[in-house]
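Chain by chain, the residues:
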Amino acid sequence: MLQYKIKDLELTYTWTIARESSNVKHNVFVQVTQDGVTGIGEAAPNIRYNETAESTIEVIEKAKSLIEKTDLWNFVDLGYAVRKIGEEQTAAKCALDIAIMDWMTKSLGVPLYKYFGLNKTKTPVTSYSIGIDSIEMIKKKINEAEEYPTLKIKLGLGNDEEIMNAVREVTDKVVRVDANEGWKDKHEALEKTNWLEKMGVEFVEQPMPADMIDETRWLRDRANIPIIADEAVKSAADIPKLATAYDGINIKLMKSAGIQEAMRMIWMARSLGMKIMLGCMVESSCAIAAGAHISPLVDYADLDGNLLLANDPFKSVGVEKGRMVLSDKPGLGLEGEF
Ligand code: MG
């Protein structure tokens, strides 16, 4: 049986990045049941990828009969079949994949990280994201994020200097910058990147639009800090063409269509010598747990979507001094009602 529902996730603060602003996210949750075991998954539809709660539900509806008639132990073939359904809509497919992987590992009676043979003491510290806001609010948010040793600052709306100067007035923590495709010119991007290096920034994520691969290669050849691809990469097939333009990739389950493709991306990026970051959209503890369970394999984590919510419907991963602590309950280890 496959069921789904929309839950309205309220943000503690209005969430603003270079392309959008929101107070509430309409994420879609799915529950699969087979042989008396249930698995839960989540879709965080993103307008950058032409996704809404409605378009997500359309794909879930299209996949429903296939999933209900398939033995979920054939989850690899089933995963490939789901990827071929209709439009791209990777958030919808991600929800289905997470639910099936939760079901599978619950059926085995092991936490997801153990299924993949991973060491739970190797989970990385997650950065805590500070969205674009007034200077006063940015300082307030940074002070409230006291327990997180690493911050991710969103830039790219034209007041980058003002924001970064304010950040450095209140903290000397490790800072990562995400421009969300906000810089439209390679010379501007290089100037900003060199300046951010002087401000002690660890790396820059998606400085220019995803399709500006040649310009990004030009930037990377001249910059001294790593350049990480986010909007430029969704699945493993995207990675080889980016290997000479970026130092690393930001994998998000919502882009990869779930855990199975994220694992293929990790092996692909590693084989090309690239750094790996595991990121997220605004997601509840359901999808965050799915990412956290494979995070021992990556260099950087930005799995803080649940920390930005005022009404997270689930609990799973803990955070201690910024480092993620995985549950030892079977599957994703979720507590909470579907
Ligand atoms: Mg990003």
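Each remark here, short or long, concerns the structure printed above.
Caption draft 1: Structural context of the coordination of the magnesium ion. In this structure, D178 (OD), E205 (OE) and D230 (OD) serve as the protein donors to the magnesium ion, at separations of 2.1 to 2.2 Å. Spacing between the donor residues of the magnesium ion along their common chain follows D-x26-E-x24-D. With E205 in strand 7 (residues 201–205) and D230 in the loop between strand 8 (227–229) and strand 9 (248–252), this residue pair connects regions lying 25 residues apart in the sequence. By relative accessible area, which is 0% here, E205 ends up buried. Using a relative accessible area of 0% as the deciding quantity, one classes D230 as buried.

Caption draft 2: A look at the packing of aromatic side chains. Throughout the structure, instances matching the rule amount to 6 aromatic pairs. Ring centres of F75 and Y115 lie 6.4 Å apart, and the angle between their planes is 70°; this geometry places the pair in the edge-to-face category. Linking F75 in helix 2 (residues 75–83) with Y115 in helix 4 (residues 112–115), this pair joins segments that are 40 residues apart in sequence. For Y115, a relative accessible area of 34% translates into the label partly exposed. Where F203 meets Y300, the ring centres are 4.7 Å apart and the plane angle is 50°; that geometry is what we call tilted. A residue pair is termed long-range when its members are at least 10 positions apart, and F203 in strand 7 and Y300 in strand 11 (residues 300–301) qualify at 97 residues. Judged by relative accessible area, F203 falls into the buried class, the value being 0%. Owing to a relative accessible area of 9%, Y300 belongs among the buried residues under this scheme. Three or more aromatic residues joined by ring pairs form one cluster here, namely F75, Y115 and F116.

Caption draft 3: Helix 6 (residues 160–170), seen in detail. Taken together, the buried positions of helix 6 are D160, I163, M164, A166 and V167. One side of helix 6 carries all its buried residues, which in axial view fall inside an arc of 160°. The inward-facing, buried residues of helix 6 contact helix 5 (135–144), strand 5 (150–154), strand 6 (174–178), helix 7 (186–198) and strand 7.

Caption draft 4: Molecular detail of the side chain of D102. Within the secondary structure layout, D102 lies in helix 3 (residues 90–108). When its relative accessible area of 1% is taken as the criterion, D102 is described as buried. Residue contacts for D102: discarding those within four places in its chain leaves T38, G39, I40, G331 and L332.

Caption draft 5: Layout of the state of the cysteines. In total, this model carries 0 disulfides according to the counting rule given. Looking at C280, it has no disulfide partner, and the nearest cysteine sulfur is the one in C94, 11 Å off. Here C286 stays unpaired: no disulfide links it, and the sulfur of C94, its closest cysteine neighbor, is 8.8 Å away.

Caption draft 6: The arrangement of the environment of T105 in detail. One can find T105 in helix 3. A residue is classified by how much of its surface remains accessible, and T105, at 0% relative accessible area, is buried. Sequence separation between T105 and K329 is 224 residues, and the spatial gap between their C-alpha atoms is 10.0 Å. With residues up to four places along the chain from it excluded, the contact list for T105 reads V110, L112, Y115, P330 and G331.

Caption draft 7: Structural context of the nonpolar core. Core analysis: the biggest nonpolar cluster contains 115 residues, and I67, I153, M164, I249 and I259 have the highest contact counts within it. Among residues more than four places away in sequence, those in contact with I153 are I130, I163, M164, V167, V175, R176, V177 and D178.

Caption draft 8: Representation of the sheet that holds strand 7 in the model. Within the open sheet, the 8 strands sit side by side as 4-5-6-7-8-9-10-11. Their pairing is parallel. Edge positions in the sheet fall to strand 4 (128–130) and strand 11, since each has one partner strand and no second. Taken together, the 5 bridges between strand 5 and strand 6 define a ladder with parallel strand orientation. By the bridge assignment, K154 is partnered in strand 6 with D178.

Caption draft 9: Summary view of the pairing of strand 3 (residues 37–43). Within strand 3, 6 of the 7 residues are buried, leaving the element largely enclosed by the surrounding structure. Here strand 2 (residues 21–34) runs beside strand 3; their pairing, made up of 7 bridges, is antiparallel. In the sheet register, T33 faces strand 3, and the bridge partner there is T38.

Caption draft 10: Inspection of the side chain of T90 at higher detail. Mapped onto the secondary structure, T90 falls in helix 3. The class of T90 is buried, set by a relative accessible area of 7%. Every residue in contact with T90, bar those within four places of it in the chain, is listed here: E51, K234, M254, K255 and A257.

Parameters at a glance
- Residues numbered from 1 in each chain as written.
- Predicted model: local features only at pLDDT ≥ 70, side-chain atom pairs only at ≥ 80, totals over all residues.
- Heavy atoms only, no water.
- Donors = N, O, S within 2.8 Å, 3.2 Å for Na, K, Ca; no water.
- Helix = DSSP H or I, 4+ residues; strand = E, 2+ residues; numbered from the N terminus.
- Buried < 20%, exposed > 50% of the residue type's maximum accessible area, 1.4 Å probe, protein only.
- Phe/Tyr/Trp six-rings, centres within 6.5 Å; stacked < 30°, edge-to-face > 60°.
- Arc of directions from axis to C-beta.
- Contact = heavy atoms within 4.5 Å.
- Disulfide = S-S within 2.5 Å.
- Core = buried A, V, L, I, M, F, W, Y, C linked by side-chain atoms within 4.5 Å.
- Pairing = 2+ DSSP bridges.

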